[in-house]
Each structure stands twice: as structure tokens, then as C-alpha cells.
Amino acid sequence: MPEHKPDKRPNIVLLTVDCWRGDHIGLGGDDGPSTPNIDRFAQQGTWFSDAYTCGGWTKISMTALLSSTFSSEYNFAQGKIEEERPFLPEMLQKAGYQTIGITTNPVCGSMHGFDRGFDHFTDVRPEIHSSFADRLFSIRGSRRLLRLPIFRRLLSRIGMHPNPPRPASSASDVIDLGLPWLQQKHDAPFFLWLHFMDLHWPYESKTRRKTRDEVEQVWRDRAQWAMQRRNRGKYFPGSERAERWKMLYRQEVEQMDSCFGRLFDALYDMDDWQNTHVVLTSDHGEELFEHGTWAHSWNQLHREGAHVPLIVRIAGNAKPREFTHPVSNLDIAPTIAELAQLPRVPKMRGKSLLDKIRASECGTSDPVYVEMHGHRDSTIYRLAIINEGHKYIYDGDRDRCFLFDLAADPDERNNIYDRADACSRKFDRLRLAHVSKGVLNILKSDDAVVGEDILYDLDADPKVIERLRALGYLD
């Protein structure tokens, strides 16, 4: 009998964190949150300090990340992921990889076809309580009542103190499900994808809600957040509450880093760690009112909403490095495909980052594109392009173009767009060359506003729909 040869192809771990801004990482300097575990991990790889998402919200960004195709192709990723798109997990599965996916965001879960190509896929749901107070949340409209202090006081008089529902499981819960896959023996190389939601509104980890006062603050936050939802993110809750939200977001980053310490320790302890590649990134950023809006439902594609962390650890390449030129998450799937020794897929738009990781100098970068469309609160097409020290934004909501000189204006405040200017015309040409037939068909349609059906199937599990409401995707 022929001798069985072990499969020496590398393992690959992909970690994606919802709503993680590129400036909220300890590597970025003293102004950022403390992330010692992530910083330690980055010392084993390449930190792309100017990385960008491909899309302004989860559905389109994760579709682009895992397929290396833009959301605007194949009908803007409406419904389940289109069969025509290449899909990284499916490619790896067909190549003999064991594929495992664990996500706590229903928007990039099995409901929308993200389980495609996975041997094992888990939609992680938060804990469900059975008390009478918690069952109130199953009644439509109850959340609006519970935001009212007078209603909560009435409940308090009869001994009820309901906590707001948690829309997603914590990083600790996701890691608990992921660790057994890292700790077991594998006959074949594996691809493990973990998606975390701790940084998504309402910025609540298991470490809070310790006192009744804090619970009351959470309810007040929900009431204020409902106001900004009704104003498309433009409602300012007052300086004190705005600072509270920023503080909570920062605390969530630090709490997530603490959880990641346990995950990284498990990776370092793996027998096969020296044959394991890891990619850590985010689906998109988060707006904290820098340009007059909160969160990302109406992502304006300024830096706070488009810039994301990206760290790539290549096994055997232990020299830490920072790559400072713009790159796109569109390049992640081709990078992983090359690491897994898969043939190049012509349909993929991105390029592998391995040449940049191995090069002695940063070199130049291609234009980076970021799209926004399809969220029920931001249905008009937006496009950002980053190239050669400039940032360009086309805002279909106002049919207006913006251009920023990033060296002179890193906060993107001074619009220098001038149609007569050569630089502005160059970006106009890039935009027109990028706009696909799918974009044109949507923009020409009489029904350009995409409704709630893009977010969920009307026959979906009511508990999933309730989670989408709690996350702010639905009213």
C-alpha cells in the first residue's frame, strides 16, 4: 500500500470584529484604547495601518470580504449570497479543508447564505431568559413602552426590573465555541472563521449591568438611541451622553481585547501553531458623531466609518512590520487563497497581500473602493475612493462629490472638489469606471429604495427579527 503522507497545508484562522474602528487599537498610539493582547499578536505579523472596508455595513462588507467581489456586482448582495460569486469557504472546502464558521451576527449568518461552503456552521444566539419580564420583549411595541421611565417605575412597584434584551452573544461565548476546534487534532488543514459583535451598538458587554442605576442608564441610552434613529443618526443626545457612548465603545474594545487574550493563548499553545496563519480585521468602522451621525446605518464613508484594523500573521514570518499604504479588505480572500495554495480565481477583484508582506519597502497601492447601499436607513448609493494621498466621496443622497487632501486634512473637513481640477476629474473617471451595471440598474429603477426585505426573510425566525431590532437594523 502507498504510504499515507500527512497534509502539510497550513491552517487558517479568520477573525472579524463588527464595527471596529481602525483608530481604536493600542498600536495606533497613546490616544487609542489599551489592547495589549492584540498588540502582542501584531508583533508576530504585519499591521496594515491604513486598511479599509469594502462596504459601509455588515451585509455588503462581509460579502465582499469573503468573495473578493464588490457588493455592487451581482445585484448588490440582496437576498442570499449569489451562486455566481466566488466564495472563499466553498473554495477551501472543495480543496479539502475542514471549514468551520461561528458568527453571532444574523446579518452574516445562515439566513443570508454565509453558511455556504462550511462543514460546520453555528449562528450563536444570546442567552434567552424565561421570566415574565423578559417575555415582555416578545410583544411588539413593548420596547417602546419600556423606554419610558414611568412604565419602568410601574413595573418596579410590582417587583419587576427587566434588563434590555441583549441582541448578540459576547466574544467570550464565541471563543468558547471556537476553542475546541483549535484544541483538537485535525486530519486535514482547517479554516476557522469567528465573527464578533461586542463593539456593535448598544455597546453592552457582560461586564456591565451590575447595579440598578446602570440598568436604568442602559434604558435611557436606548431611548436616546431611538431618537437618533428617527433622525437618520443626526440627533445629538447632549455632550454628557455623547461622551458616555464614546466611553462605552472604548470600554468594549478593551473588554474584547481581554477576551482575545484567551483566544490567542490557545492559538500559541497549538501543536500546529507554526503552520497556522491568522487574519484579524473588522467589517467596517463606527461613526461617533465626527461628521454629524452615529453608528454606521447611514455610513457616510468618512475615515471613522471606513478605516478598519487589519493584522495578518504569516506562519514562519515572525518579523513585525507596519504597512502604511492603503489596502482593502477585498484583498483578504485572495491572500488566504494563496496561503492555501489554491489557484487564482479570475472573478476575484482583489490582490493577494503576500507580496506586500514580504517586500522590503511599502511600494505603491491601487485605488481602494468603499461602497454603501442596501441598508434600510441608507438606500442611496455612496462610493469612497482612496488613492495617492486623497479621499474622494460620491454621495448619491445629495448627488454631490467631495475630495480631501489627506496630508493637509486627515479629518476630512475641507472639501476641495472642483470639477475643473485635474485631480477631481481623475477621481470622477475612477468612479465612473467602477460603477457597474448592477449599480446603474438600481439607480435607474423607479424602486431605488430597498426595504426591510434586504435584511431578513419575512418568514424568518421571530427571535432573529427581534435581535435585528435590538441591534438597530429595524424599528
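Residues numbered from 1 in each chain as written. Predicted model: local features only at pLDDT ≥ 70, side-chain atom pairs only at ≥ 80, totals over all residues. Heavy atoms only, no water.

Re the overall build of the protein
Okay, step 1: For the protein, the count of helices and strands is 15 helices and 17 strands.
Okay, step 2: Here the protein holds 475 residues, and the buried ones make up 59% of them.
Okay, step 3: For the protein, restricting intrachain contacts to residue pairs at least 6 apart in sequence, the fraction spanning at least 24 positions comes to 71%.
Okay, step 4: A total of about 20500 Å² of accessible surface is found on the protein, and carbon and sulfur atoms cover 49% of it. (Helix = DSSP H or I, 4+ residues; strand = E, 2+ residues; numbered from the N terminus. Buried < 20%, exposed > 50% of the residue type's maximum accessible area, 1.4 Å probe, protein only. Contact = heavy atoms within 4.5 Å. Areas by Shrake-Rupley, 256 points an atom, 1.4 Å probe, with all protein chains shown as cover.)

Points about the environment of Gln228
Okay, step 1: By secondary structure assignment, the location of Gln228 is in helix α8 (residues 212-230).
Okay, step 2: Residues Gln228 and Thr293 lie 65 residues apart in sequence; the distance between their C-alpha atoms is 8.4 Å.
Okay, step 3: Residue contacts for Gln228: discarding those within four places in its chain leaves Gly233, Lys234, Tyr235, Trp294 and Trp298.

Overview of the packing of helix α7 (residues 171-183) against helix α9 (residues 239-268)
Okay, step 1: In contact at an axis separation of 10 Å, α7 and α9 are set at 5° when each is read in the N-to-C sense. When the interaxial angle is binned, α7 and α9 end up roughly parallel. Contact residues: α7 offers Ala171, Ser172, Ile175, Asp176, Leu179, Leu182 and Gln183, while α9 offers Cys259, Phe260, Arg262, Leu263, Ala266 and Leu267.
Okay, step 2: Its residues assigned to classes, the contact of α7 with α9 comprises nine nonpolar, two polar and two charged. (Axes fitted to C-alpha atoms, helices over the stretch in contact; angles between N-to-C directions. Parallel < 35°, antiparallel > 145°, perpendicular 65-115°, else oblique. Nonpolar A, V, L, I, M, F, W, Y, C, P; charged D, E, K, R; others polar.)

Description of the nonpolar core
Okay, step 1: Ranked by internal contacts, the top residues of the largest apolar core, which has 48 residues, are Trp20, Leu182, Phe196 and Leu280.
Okay, step 2: Looking at this core, the elements with two or more residues in it are β1 (11-17), α1 (36-42), β4 (98-103), α7, β6 (190-196), α9, β7 (276-282) and β9 (294-295).
Okay, step 3: If one sorts the elements of this core by residue count, α9 sits on top with 13 residues.
Okay, step 4: When near neighbours in sequence (up to four residues on either side) are disregarded, Leu280 contacts Leu15, Val17, Trp20, Ile38, Phe41, Phe260, Phe264, Pro309, Leu310 and Ile311. (Core = buried A, V, L, I, M, F, W, Y, C linked by side-chain atoms within 4.5 Å.)

Let's talk about the sheet that holds strand β5 (residues 120-123)
Okay, step 1: Taken together, eight strands build an open sheet; the order of strands is β5-β4-β6-β1-β7-β11-β2-β12 and the sheet is mixed. Two strands bound the open sheet, and with one partner strand each, they are β5 and β12 (321-323). On average, each strand axis in the sheet is inclined to that of its neighbour by 10°, with strand direction left out of account.
Okay, step 2: Across seven bridges, the pairing between β1 and β7 is parallel. (Pairing = 2+ DSSP bridges.)

Examining the packing of aromatic side chains
Two aromatic rings, taken as a pair, are described by how far apart their centres are and by the angle between their planes.
Okay, step 1: All chains considered together, the criterion is met by 21 aromatic pairs.
Okay, step 2: Their ring planes at 20° and their centres at 6.2 Å tell us that Phe118 and Phe191 sit as a pair that is stacked. Taken together, the positions of Phe118 in the loop between β4 and β5 and Phe191 in strand β6 put the pair 73 residues apart, joining distant regions of the chain. Considered together, Phe118 and Phe191 belong to a single accessibility category, that of buried residues.
Okay, step 3: A connected cluster of aromatic rings, assembled from ring pairs, spans Trp201, Tyr203, Phe236, Trp245, Tyr249, Phe289 and Trp294.
Okay, step 4: Residue placement shows Arg313 over the ring face of Trp273; its charged tip is 3.6 Å from the ring centre.
Okay, step 5: The ring centre of Tyr394 lies 4.3 Å from the NZ or CZ of Arg431, which sits over that ring. (Phe/Tyr/Trp six-rings, centres within 6.5 Å; stacked < 30°, edge-to-face > 60°. Lys NZ or Arg CZ within 6 Å of the ring centre and 35° of its normal.)

Section: the pattern of salt bridges
Okay, step 1: According to the stated counting rule, one finds 15 salt bridges in the structure shown.
Okay, step 2: For Arg303, the salt bridge is made with Asp50, and the minimal N-O distance between the two is 3.1 Å. Residue Arg303 is found in helix α10 (residues 303-306), and its partner Asp50 is found in the loop between β2 (46-48) and β3 (51-52); the two are separated by 253 residues along the sequence.
Okay, step 3: On the accessibility criterion, Asp50 (13% relative accessible area) is buried.
Okay, step 4: Its salt-bridge partner being Arg382, residue Asp395 comes within 3.2 Å of it at the nearest N-O pair. (Salt bridge = Lys/Arg side-chain N within 4 Å of Asp/Glu carboxyl O.)

A look at the environment of Ala168
Okay, step 1: Along the chain, Ala168 falls in the loop between α6 (149-157) and α7.
Okay, step 2: In the structure, Ala168 is positioned 29 residues away from Met197 in sequence and 6.4 Å away in space, judged by C-alpha atoms.

Observations regarding the pairing of strand β17 (residues 400-405)
Okay, step 1: The sheet contact formed by strand β16 (residues 390-395) and β17 spans six bridges and is antiparallel. Among the inter-strand pairings, His390 is bridged to a residue of β17, identified as Asp405.
Okay, step 2: Adjacent in sequence and paired antiparallel, β16 and β17 are bridged by four residues, among which Asp399 carries a positive phi angle near 50°.

Examining the pairing of β6
Okay, step 1: For β6, the buried fraction is high: seven of the seven residues fall into the buried class.
Okay, step 2: Inspection of the sheet shows β1 paired to β6 by six bridges, in the parallel sense. By the bridge assignment for β6, Leu15 is matched with Leu194.
Okay, step 3: By the bridge criterion, six bridges tie β4 to β6 in an arrangement that is parallel. Looking across to β6, one finds that Ile102 is bridged to Leu194.

Overview of the sheet that holds β16
Okay, step 1: Pairing within the open sheet is antiparallel, and its four strands lie in the order β14-β15-β16-β17. Each edge of the sheet is formed by a strand with only one pairing partner; in this case those strands are β14 (368-372) and β17. Each strand of the sheet is rotated relative to its neighbour by a mean of 15°, with strand direction disregarded.

As for the side chain of Asn11
Okay, step 1: Secondary-structure assignment places Asn11 in strand β1.
Okay, step 2: By relative accessible area, Asn11 is classed as buried at 4%.
Okay, step 3: Within the structure, the side chain of Asn11 is placed 3.0 Å from the side chain of Asp272, a separation counted as a polar contact. (Polar contact = N/O pair within 3.5 Å; in protein donor to acceptor, adjacent residues only side chain to side chain.)

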